[in-house]
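A structural walkthrough
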Amino acid sequence: MEFVLNGAPVSVPSEGTLLSALRDRLGVRSAKDGCAPQGQCGCCTVLVDGEPRVACVTPVSRVAGRVVTTLEGVDDDVRQGWADALCATGGSQCGFCTPGIIVRLLDVEPVKADVERALLAHMCRCTGWQTIVEAAVDRPQRRERDLDAAAERARIEGGASQRVAPHVALGRGGFADDSAPSDSLVAILAPSGERVVASSVSEARQLAGVVPGRRSTVGLTWPIDVPDDRQHEFVRTLRTTWVEPAYLEPDAVWCVPGGEPVGPLTNGGAFGGKTTQWLRDEARRLADEHDRPMRIVLSREDVVRRSAKRPPLAAGVRANGSGVLWVRTTPGVRELVATVAHDWEVIEVDVPGPPTSLGLRAAVWAEIAVLKASVTDHDRVFAPNGAWAEASSSGDGVSVRVGCGDALDDVTLRSYCIGAAHMALGWVRNEGIAVDARGTVHDLTIRSFGVLRAVDTPAIHIEVVDDGSAVRNVSDAVFAAVAAAEWRRAEFAPRWPCARDGR
Ligand code: FES
Ligand code: FES
């Protein structure tokens, strides 16, 4: 079948989705696969006859004879204007979500309410929305900045190599699945756990019989509680549930026969969620076995089932700031707590569920910091690295002060702090995924994670104080400080997320 792509006629097989045709057959890289075929993240948004459409739920057969425009086909000046504006505000960090957002916003009035409404069709996990809205409304132009220093700040905050430049907003930050050789085969995981290999993602999914995940009707659970006979020891207690890190770029790796695997971390740290050595081993094995370049891409459902989560826990704090932590058994947790809070006792609890890791943003120490802050009058939270953040949360929004040495680049530091604040607000109020008593994860869709939408995100104000200290990560301290402030605002509700019931 034929259609017009970015002004030129193209011909592709009529099976599968428009997204698979664009990425696997036609070499388009701006349209990303963040959740296909859920149609919930907006990363694959393109124009069909001038209207925004999510390509992952559009059968390619439906665009026969029509005009499809991806970000590559947008007028050069317009595209560059968006890239410059987003870079100028810090509105694109990893950049995975940004091409789809730009395509969506092309015809949206530069008015905050209109932009926020348009963003309802999208998901961004990095930025916390505010800097995207600023880019869309204010449209700042490129200004002189030291982008190497910006990239260094991004690396420090993201915990992995990260580029900062206008082209990142165009989706060219260097994602593993974008750089795979065009003649690669693609492997996915079948529901049985088998690897299914085909020439395109659509074909592999069809062969594997993959059915898209759904938001389940199973409720959230708080798998650990403070034992009744110890409740009296504490001024305050907190229980947390399973939370999805929700990085937008699904884990992907490619490898040529006899070569070194590429991926999964190529632009951004995924908040500590990606630790997929097994994918690299698999890509190498399958490339050698098939004697062809091989891509492996995890579906969103597989990412949720397999990616590490912060360990759920129950904890109590005493008036003097000491406390006890009952935490899902997780390697290194005793050592961590001994380092950051030597007057806290740790009791590991076996709970069935997905893997847990202390690599996730400020895992466990943020929970302890939040509990300690709740029994003191001061709101300054120190991270284990010595960086600090103070936060307050009210009906007017969230205000944060941070100290972490030289900012290196104000825009980038502010953007990462806003992103961390947004993640903390979601953690306290709204985020969680259902995991049943057998440990099976039920919420497999992007929309079920509870990430705060742009329209629900308050204004976040960041003040950076150069306290003369060494340059270091501070977004983790922001995360903890904003969580502490938001918990205070929620009157120390004893379990998170506090704005959601079991379902
Ligand atoms: S990949 Fe299409 S909406 Fe997420
Ligand atoms: S910049 Fe939006 S998901 Fe990373």
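Residues numbered from 1 in each chain as written. Chains lettered and ligands numbered in written order. Predicted model: local features only at pLDDT ≥ 70, side-chain atom pairs only at ≥ 80, totals over all residues. Heavy atoms only, no water.

As a further point, take the overall build of the protein. Secondary structure assignment for the protein yields 14 helices and 17 strands. The buried share among the 503 residues of the protein stands at 59%. Looking at the protein alone, contacts between residues at least 24 apart form 72% of all its contacts between residues at least 6 apart. On the protein, roughly 19200 Å² of surface is accessible, and the fraction owed to carbon and sulfur atoms is 49%. (Helix = DSSP H or I, 4+ residues; strand = E, 2+ residues; numbered from the N terminus. Buried < 20%, exposed > 50% of the residue type's maximum accessible area, 1.4 Å probe, protein only. Contact = heavy atoms within 4.5 Å. Areas by Shrake-Rupley, 256 points an atom, 1.4 Å probe, with all protein chains shown as cover.)

You can see Asp84 is positioned in helix H2 (residues 76–89). Beyond its immediate sequence surroundings of up to four residues, Asp84 is in contact with Pro140, Arg142 and Pro166.

All right, on to the packing of aromatic side chains then. Two aromatic rings, taken as a pair, are described by how far apart their centres are and by the angle between their planes. Following the criterion strictly, the structure yields six aromatic pairs and no others. Note on Trp487 and Phe492: the rings are 5.2 Å apart at their centroids and 85° apart in plane angle, and the pair reads as edge-to-face. In this structure, Trp487 and Phe492 share a single accessibility class: buried. Note on Trp487 and Trp496: the rings are 5.8 Å apart at their centroids and 85° apart in plane angle, and the pair reads as edge-to-face. Residue Trp496 is classed as buried on the basis of its relative accessible area, which comes to 1%. (Phe/Tyr/Trp six-rings, centres within 6.5 Å; stacked < 30°, edge-to-face > 60°.)

Turning next to the pattern of salt bridges. One pass over the full model with this rule turns up 37 salt bridges. Residue Asp33 is joined to Arg205 by a salt bridge in which the shortest nitrogen-to-oxygen separation is 3.8 Å. One end of the pair, Asp33, is in the loop between helix H1 (18–25) and strand S3 (45–48); the other, Arg205, is in helix H8 (residues 201–208), and 172 residues separate them in sequence. According to the relative accessible area criterion, Asp33 is partly exposed, its value standing at 21%. The partner of Arg285 in a salt bridge is Glu282, with the nearest N and O atoms 3.0 Å apart. With a gap of three residues between them, Arg285 and Glu282 both fall in helix H9 (residues 277–290), about one helical turn apart. Judged by its relative accessible area of 40%, Arg285 is partly exposed. (Salt bridge = Lys/Arg side-chain N within 4 Å of Asp/Glu carboxyl O.)

Moving on, we come to the domain arrangement of the protein. The assigned domain composition of the protein is domain 1 (2–73), domain 2 (76–174), domain 3 (178–211 + 253–302) and domain 4 (239–245 + 308–489). If you look at the interface, domain 1 gives five residues, while domain 4 gives four residues. Both faces combined, the contact of domain 1 with domain 4 buries some 360 Å², and carbon together with sulfur accounts for 47% of it. Summed over the three residues of domain 1 that lose the most area to domain 4, namely Gln38, Gln40 and Cys41, the buried surface amounts to 91% of that side. Along the contact surface separating domain 1 from domain 4 lie zero salt bridges. At the junction of domain 1 with domain 4, the criterion picks out four residue pairs in polar contact (both at pLDDT 80 or more). Of the residues assigned to the side of domain 1 that touches domain 4, the class counts are two nonpolar, three polar and no charged. (Domains from an automatic or database assignment. Buried area = accessible area lost by both parts, 1.4 Å probe. Polar contact = N/O pair within 3.5 Å; in protein donor to acceptor, adjacent residues only side chain to side chain. Nonpolar A, V, L, I, M, F, W, Y, C, P; charged D, E, K, R; others polar.)

Before going further, it helps to examine the packing of H2 against helix H5 (residues 130–138). When two helices pack together, you describe them by how their axes are tilted relative to each other and by the distance separating the axes. Running from N to C, H2 and H5 cross one another at 135°; their axes reach a closest spacing of 8 Å. When the interaxial angle is binned, H2 and H5 end up oblique. By crossing handedness, the relation of H2 to H5 is classed as right-handed. Touching Trp82, Ala85, Leu86 and Thr89 of H2 are Thr131, Ile132, Glu134, Ala135 and Ala136, all from H5. Its residues assigned to classes, the contact of H2 with H5 comprises six nonpolar, two polar and one charged. (Axes fitted to C-alpha atoms, helices over the stretch in contact; angles between N-to-C directions. Parallel < 35°, antiparallel > 145°, perpendicular 65-115°, else oblique. Left-handed = near helix turned anticlockwise from the far one by under 90°.)

Moving on, we get to unusual backbone geometry. In this structure, Pro37 follows Ala36 across a cis peptide bond, with omega equal to 0°. When you line up the elements, Pro37 lands in the loop between H1 and S3. In the segment running from Trp496 into Pro497, the intervening peptide bond is cis, with an omega of 0°. With respect to the secondary-structure elements, Pro497 resides in the segment after helix H14 (475–489). The phi dihedral of Leu408 is positive, around 70°, even though this residue is not glycine. Within the fold, Leu408 resides in the loop between strand S16 (397–403) and helix H13 (410–429). For Leu408, a relative accessible area of 28% corresponds to the partly exposed category. With phi around 55°, Glu491 is a residue other than glycine that occupies positive phi space. Considering the arrangement of structural elements, one finds Glu491 in the segment after H14.

Here the focus is the sheet that holds strand S8 (residues 236–239). Strands sit in the order S8-S11-S12-S13 across an open sheet of four strands; the sheet is mixed. Every other strand in the sheet has two partners, leaving S8 and strand S13 (344–349) as the edge strands with one partner each. If you compare each strand with its neighbour and ignore which way they point, the axes differ by 10° on average. Pairing of strand S12 (residues 323–328) with S13, which is carried by six bridges, proceeds in the parallel orientation. (Pairing = 2+ DSSP bridges.)

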